[in-house]
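# Structural overview for review
Here are the chains, one letter per residue:
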Amino acid sequence: FAVAVVGIACGGGESKVVDQYFNALKAKDNQTLTSFAAVIFDKPVEKWKITRAGEEQRAAVTAPELAAKVKDLEVQISQNTKDARATLDAAKVEEVKALRRAGKPLPASLQAVAADFDKFNHSDVELKKQLSTAKDVLEKERRHMTLSVGNVDNLESVSGEVVSKQVELDLTLKDQQPAPYVMTLRKYELQREGPRSISRWVVQEIKPR
């Protein structure tokens, strides 16, 4: 396993990544696959051939932006809760809830309270949905970074580039003719103090072409 990982990290070419991936897939070696792949191809592959390797594409890492979005949404949720407590009369809110549970109409004296309560409650629900989505996106990005460079702390302060490349393949599935697919590879080249960290390709996606 260690030899396989070193080969992927230091080989410098996409062919080694492709070979490591499909050899591990063929051997049903999920431990090796999950060490450098975000996806596991769900069909039996008997043969594979690289037909074309695209140019590397570079972009700034998005982890700081994603982490900042999570923090901002947490602040908004907290502020919404504080505003609700400062604005709403807790006793009257309970009256509104009790009348609604009983299916009774609200008197005019509680209409404004109900409207304010609904406004704050709607904001709370929507913000928490956005936070859940933002956390999922950030965690996915963290997993991909970890596969490429190992554990990364303080995502808010990470800097560097995300390098991606598409590799076109002919895959021969069991009892089928060769079919065109494209594999997307990604690696993270981070700027960190100390010795330069190893950055290895991660298999990001495989789909028909």
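This write-up is about the structure you can find in this document. Here the structure is a predicted model, which means the values were calculated and not measured.

This part takes up the nonpolar core. The biggest cluster of nonpolar side chains holds 22 residues, and the ones touching the most others in it are Y21, F22, F41, L171, M183, V203 and I206. Those elements that provide at least two residues to this core are helix 2 (14-26), helix 3 (30-36), strand 3 (160-173), strand 4 (179-190) and strand 5 (202-208). With six residues, the single largest contributor to this core is helix 2. Once residues lying within four places of it in the same chain are set aside, the contact partners of V203 are V17, Y21, F36, A37, A38, V39, M183, T184 and L185. Counting residues in each nonpolar core, the second largest holds 19 residues, with A63, V149, V152 and V162 among its members.

On to helix 6 (residues 108-149). The first and last C-alpha atoms of helix 6 sit 62 Å apart over 42 residues, in line with the 62 Å expected at 1.5 Å per residue. Of the residues one or two after helix 6, G150 is the one with positive phi, at around 90 degrees.

Take the environment of I198 next. Note that I198 resides in the loop between strand 4 and strand 5. Residue I198 is classed as exposed on the basis of its relative accessible area, which comes to 54%. In this structure, the C-alpha to C-alpha distance between I198 and S148, residues 50 residues apart in sequence, is 7.9 Å.

Definitions and limits used
Residues numbered from 1 in each chain as written. Predicted model: local features only at pLDDT ≥ 70, side-chain atom pairs only at ≥ 80, totals over all residues. Heavy atoms only, no water. Core = buried A, V, L, I, M, F, W, Y, C linked by side-chain atoms within 4.5 Å. Buried < 20%, exposed > 50% of the residue type's maximum accessible area, 1.4 Å probe, protein only. Helix = DSSP H or I, 4+ residues; strand = E, 2+ residues; numbered from the N terminus. Contact = heavy atoms within 4.5 Å. Expected span 1.5 Å × (residues − 1).

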